[in-house]
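What follows is the residue order along each chain.
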Amino acid sequence: MEQRQPAETTMALAGAALPRGRLVFERVATALLADEMVAPNDRERIQFSAGGARNASEVHPLVLLSNLKLHAGQPPAGELGLERLTEWLATRVGMRYLRIDPTRVDVASVTGVVSHAYARRHRILPLALDAERVLIATSEPLALDWLADVQHLTRRRIDVVLSNPLDLHRYTMEFFGVTRSVRGAHGDVRSTDSNVGLPSFEQLVELGRTGDVNADDQHIVHIVDWLLQYAYEQRASDIHLEPRRDMGRMRFRIDGVLHKVFEVPPAVMTAVVSRIKVLGRMDLAERRRPQDGRIKTRSPGGREVEMRLSTMPTAFGEKCVMRIFDPDAAFKSIDQLGFSPEEAAGWNALVERPHGIVLVTGPTGSGKTTTLYSTLKRLATPDVNVCSVEDPIEMISPEFNQMQVQQNIDLDFAAGVRTLLRQDPDIIMIGEIRDLETAQMAVQASLTGHLVLSTLHTNDAPSAITRLLDLGVPHYLVASTLNGVLAQRLVRTLCPHCKRPQALSETDWAAIREPGEALPEHVHTHVPVGCLECRRTGFLGRVGLYELLPVTPRLRTLIRADMDLAGFSHAARGEGLRTLRRAGLEKVALGLTTIEEVLSVLPPKE
């Protein structure tokens, strides 16, 4: 099979030639000037830098040019960074440009295409492999003497793309390094205990007797360190370590969606989970019962990051989930959370009252804890005593006093609130109201002059009232103590770099509109496209949808033991309640998200 070369022996564009072979600073700089990519004021700086570049021949020319912080001579204006220089070079030599997304790379398979030494020598990195082709990234588009060898070795078509030289070097080191660690750890663990390899469900109860399966092995330490740093860099909120019969899976949850990032042999997965349990100060010998733990580490930028650990016995070993709590994400301002000015004003009015109950409702993972922490952070001034009882403590904050629920010593939410009432609190946060006793303690605390914030699991804001009634709280106590309810959801936001406007159709409008609403004129939605910044998903980050229900005097009169939820919801809308559906529609109209995203998190229409 003949592979078409992506570059001829000599390429001459705009009068500047790039000869075949390794890129040379002078040649690349001349071509950059010839294409008028550099602002006139910076052209002389390149000439002065050419002499110094000869002494840095091992450094890629694009890296040297990006370090000069040149200003662009072509729109868009700004600095000529490494990514933009790489895109320019790809266009010039007629090669496809690709920004490496490490979450899309099957590391175990691509690192078997060529050796680490070969990849470093030729500045190449395989990125994808199937039955017909191999996708290989390079930072040397005119030095392709390796192409025929790899094509002969793999017996597949070779697709070559150009990638950022720093990313290429970094991921080459990381991918081959972690693969080498997995292989080394596999050998070590296998030699330590032959029974660890493929545990069946019957063997699982005996696993506690095998002890530490090399959790401190240098290979395992390297794998875990890489995993934690990798997850933070990819903005993951959760890390899932899932044992399977043949190959254990490592997955990251990014913007609410799970991505598979790596597979390891079962024995290595067992050792990795053991290493994480050591870091989280969990019982290493106990593999039959679920356990919880915490890890506090530092991000690559030096900030402290907390991780909450949870293990669960499965048929093939312990499954471990690590939830990552980035302080910057947990403590945000109300505006950063996605509140509109009206919603922010209404929420602030509720939480600034001296006493009463304020509830935040929504399913797991809808951002309730982030909203409460951000609110408490603002309320916890030096003259206010803020106390919380949580299960578990999500994020340690120096501004307030936090108590951990411990069921093994009968310290549940109700007992925790009872204790807090003797601690002279001004504001009490209860992690969740789950039963009548906790609800009664929350009511008691609010009646004695405290502001109580807590969470519930309900579909919308009005349902929180019927939930309290179902728990057994008398309707007159609910009416007298409840200040308001905030229902919320999280939706993925469209990538600002690639989203595309589209006219709103009748079908889309019918799916999301409130009953009786007519299709507005000249309303555009946006659709995801996918680009390098958003990993080709079309989405980047998440934003909150909020339904704020202040309990007004008229609504208090409607809270009865036999309350009609539909009638109460209709009355609440008459009092100005903006439903989650309305909040979602406004986010769609602002171009922040899509109708499909909003519909995926909304409760069904009545």
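Quick caveat, the model's predicted, so the values are computed rather than measured.

Looking at the overall build of the protein
So, point 1. What the protein contains, in helices and strands, is 23 helices and 21 strands.
So, point 2. Scored against the burial criterion, the 606 residues of the protein give a buried share of 53%.
So, point 3. Counting contacts in the protein only where the partners sit at least 6 residues apart, residues at least 24 apart contribute 66% of the total.
So, point 4. Carbon and sulfur atoms make up 51% of the accessible area of the protein, which totals about 27700 Å².

So, the pattern of salt bridges
So, point 1. Taken as a whole, this structure holds 30 salt bridges when the rule is applied.
So, point 2. A salt bridge links Arg 133 to Asp 159; the nearest nitrogen and oxygen atoms lie 3.4 Å apart. Of this pair, Arg 133 sits in strand E5 (residues 133-138) while Asp 159 sits in strand E6 (residues 157-162), and the two are 26 residues apart along the sequence.
So, point 3. A salt bridge links Asp 562 to Arg 560; the shortest N-O distance between them is 3.8 Å.
So, point 4. Take Asp 562: its relative accessible area is 61%, and that puts it in the exposed class.
So, point 5. Sharing partners across several salt bridges, the network here consists of Asp 130, Arg 133, Arg 157 and Asp 159.

Notes on the UniProt feature "domain: Bacterial type II secretion system protein E" (unreviewed entry) in the protein
So, point 1. Mapped onto the present numbering, the UniProt feature "domain: Bacterial type II secretion system protein E" (unreviewed entry) falls at residues 421-435.
So, point 2. As annotated, residues 421-435 comprises 0% helix and 27% strand, and the C-alpha atoms at either end are separated by 18 Å.

Here's the deal with the pairing of E6
So, point 1. One ladder, built from two bridges, connects strand E3 (residues 96-97) with E6; its direction is parallel. Note that in E6 the partner of Tyr 97 across the bridge is Leu 162.
So, point 2. Of the pairings in the sheet, the one linking E5 to E6 comprises six bridges and is parallel in character. The residue bridging Ala 137 from the neighbouring strand is Val 161, located in E6.
So, point 3. Handedness of the crossover is the feature at issue here: the chain leaves E5, passes through helix H7 (residues 147-154), returns alongside E6, and the resulting connection is right-handed.

Describing the packing of helix H15 (residues 413-420) against helix H16 (residues 436-447)
So, point 1. One way to put it is that H15 packs onto H16 with a least axis distance of 8 Å and a crossing angle of 20 degrees. On the basis of the axis angle, H15 is roughly parallel to H16. The hand of the H15/H16 crossing is left-handed. Note on element contacts: H16 touches H15 through Glu 437, Thr 438 and Met 441, opposite Phe 413, Ala 414, Val 417 and Arg 418.
So, point 2. Here the contact of H15 with H16 is composed, by residue class, of four nonpolar, one polar and two charged.

Overview of the nonpolar core
So, point 1. Formed by 91 residues in total, the largest nonpolar core has its most connected members in Leu 32, Leu 65, Trp 146, Leu 241, Met 250 and Met 322.
So, point 2. Tallying contributions element by element places helix H10 (residues 218-233) first for this core, with nine residues.
So, point 3. Dropping the residues within four chain positions of it, Leu 32 is found in contact with Met 37, Val 38, Ile 46, Leu 65, Leu 70, Leu 80, Leu 85 and Trp 88.
So, point 4. Core analysis: the next-biggest nonpolar cluster, separate from the first, contains 56 residues, Val 485, Val 551, Ala 572 and Leu 602 among them.

Considering the confidence of the model for the protein
So, point 1. Of all residues in the protein, 87% have pLDDT values of 70 or greater, and the mean over the chain is 82.
So, point 2. Under a pLDDT of 50 for its full length, residues 1-15 has, in the predicted model, 33 contacts with residues more than four places off or in other chains.
So, point 3. In the model, residues 191-213 has pLDDT below 50 throughout and makes 33 contacts with residues more than four positions away in sequence or in other chains.

Observations concerning the pairing of strand E17 (residues 451-456)
So, point 1. Taking burial as the measure, the six residues of E17 include six buried ones, the bulk of the element.
So, point 2. Note that strand E13 (residues 356-361) and E17 share six bridges and pair parallel. Across the sheet, residue Ile 357 finds its bridge partner in E17, namely Val 452.
So, point 3. Here strand E16 (residues 427-430) runs beside E17; their pairing, made up of four bridges, is parallel. Considered in E17, the bridge of Ile 428 is made with Val 452.
So, point 4. Regarding the hand of the β-α-β motif, the stretch spanning E16, H16 and E17 is right-handed.

Details of the layout of surface pockets
The method is simple in principle: a probe with the dimensions of a water molecule rolls over the atoms, and the space it marks as empty is what remains.
So, point 1. By volume, the second largest pocket amounts to about 540 Å³.
So, point 2. What lines the second largest pocket is a set of 24 residues, among which Arg 99, Ile 100, Asp 101, Pro 102 and Leu 532 lie closest to the centre.
So, point 3. Broken down by secondary-structure element, the contributors of at least two residues to the lining of the second largest pocket are strand E4 (124-129) and helix H8 (165-192).
So, point 4. Here the element with the most residues in the lining of the second largest pocket is H8; it accounts for three residues.
So, point 5. Grouping the amino acids of the lining of the second largest pocket by side-chain chemistry returns eleven nonpolar, one polar and twelve charged.
So, point 6. When we break the lining of the second largest pocket down by domain, the ones giving at least three residues each are domain 2 (107-182) and domain 3 (218-325).

Here we look at the packing of aromatic side chains
So, point 1. Enumeration over the complete set of coordinates arrives at seven aromatic pairs.
So, point 2. Between the aromatic rings of Tyr 171 and Phe 175, the centroid separation amounts to 5.5 Å while the plane-to-plane angle is 20 degrees, which identifies the pairing as stacked. One end of the pair, Tyr 171, and the other, Phe 175, are both in helix H8, four residues apart, so they sit about a helical turn from each other.
So, point 3. According to the relative accessible area criterion, Phe 175 is buried, its value standing at 0%.

A few points about the side chain of Asn 164
So, point 1. Structurally, Asn 164 is set in the loop between E6 and H8.
So, point 2. Overall, Asn 164 belongs to the buried group, its relative accessible area being 6%.
So, point 3. Within the local environment of Asn 164, its side chain forms a polar contact with the backbone nitrogen of Leu 166, the two atoms lying 2.8 Å apart.
So, point 4. In this structure Asn 164 touches Leu 82, Glu 83 and Thr 86, once residues within four positions along its chain are discounted.

Some remarks on the environment of Gly 346
So, point 1. For Gly 346, the location among the structural elements is in helix H13 (residues 341-351).
So, point 2. Each C-alpha atom, one on Gly 346 and one on Pro 550, is 7.7 Å from the other, the two residues being 204 residues apart in sequence.

With respect to the sheet that holds E4
So, point 1. Taken in spatial order, the four strands make up an open sheet running E3-E6-E5-E4, and their pairing is mixed. A single partner strand is all that each edge strand has here, and the edge strands are E3 and E4.
So, point 2. Strands E5 and E6 of the sheet are contacted by H7, whose axis makes an angle of about 140 degrees with E6.

Points about the sheet that holds E17
So, point 1. Pairing is mixed in the open sheet, where seven strands are placed in the order E15-E14-E16-E17-E13-E18-E21. Sheet topology places strand E15 (401-404) and strand E21 (539-550) at the edges, where each strand pairs with a single neighbour. In this sheet, neighbouring strand axes are inclined to one another by 20 degrees on average, regardless of whether the strands run parallel or antiparallel.
So, point 2. Taken strand by strand, helix H17 (residues 461-471) contacts E13, E17, strand E18 (482-494) and E21, and its axis lies near 60 degrees from that of E21.

Parameters and conventions
- The written sequence of each chain sets the order in which its residues are numbered from 1.
- Totals for whole chains, interfaces and linings use every residue, but because this is a predicted model, local features are given only for residues with pLDDT of at least 70 and side-chain atom pairs only at 80 or more, for both listing and counting.
- Heavy atoms from the whole structure form the basis of all side-chain values; hydrogens and water molecules are not counted.
- Elements are defined by DSSP. Helices are runs of H or I of four residues or more, strands are runs of E of two residues or more, and each kind is numbered from the N terminus.
- Throughout, exposure labels follow a simple rule: accessible area from a 1.4 Å probe, protein chains only, divided by the maximum for the residue type, with under 20% read as buried, over 50% as exposed, and the rest as partly exposed.
- What makes two residues a contact is simply this: any of their non-hydrogen atoms within 4.5 Å.
- Reported accessibility uses the Shrake-Rupley method at a 1.4 Å probe radius. Residues are deemed covered only where the shown protein chains occlude them.
- Salt bridges are defined by distance alone: a side-chain nitrogen of Lys or Arg within 4 Å of a carboxyl oxygen of Asp or Glu.
- UniProt positions are given in the numbering used here, feature names are shortened, and annotations may be inferred rather than shown by experiment.
- What makes two strands pair is DSSP finding at least two bridges between them.
- Handedness rule for crossovers: strands pointing away from the viewer, path from the first strand over the helix to the second running clockwise, crossover right-handed.
- Working convention: axes come from line fits to C-alpha atoms, limited for helices to the stretch in contact. Angles between N-to-C directions cover 0 to 180 degrees.
- By the definition adopted for this analysis, an angle is roughly parallel if under 35 degrees, roughly antiparallel if over 145, roughly perpendicular if from 65 to 115, and oblique otherwise.
- A clockwise turn of the near helix away from the far one marks a right-handed crossing, whereas an anticlockwise turn of less than a right angle marks a left-handed crossing.
- Amino acid classes used here: Ala, Val, Leu, Ile, Met, Phe, Trp, Tyr, Cys and Pro are nonpolar; Asp, Glu, Lys and Arg are charged; the rest, including Gly, are polar.
- Throughout, nonpolar core names a set of buried Ala, Val, Leu, Ile, Met, Phe, Trp, Tyr and Cys residues whose side chains join them through atoms within 4.5 Å.
- Along the chain, pLDDT gives the predictor's confidence residue by residue, from 0 to 100.
- The definitions used throughout rest on a 1 Å grid laid over the protein atoms alone, on which a cavity is an enclosed set of points accommodating a 1.4 Å probe that cannot get out and a pocket is an open set flanked by protein within 12 Å on both sides along at least five of seven lines; lining residues are those having an atom within 4 Å of a point.
- Grid points are joined across faces, edges and corners, and a volume is the space filled by probe spheres set on the points.
- For the purposes of this description, domain bounds are those given by an automatic or database domain assignment.
- Side-chain rings of Phe, Tyr and Trp (the six-membered ring for Trp) are treated as a pair once their centres are within 6.5 Å; stacked means planes under 30 degrees apart, edge-to-face means over 60, and tilted covers the remaining angles.
- What qualifies as a polar contact is a pair of N or O atoms within 3.5 Å, subject to a donor-acceptor requirement within protein and to the restriction that residues adjacent in sequence count only when both atoms come from side chains.

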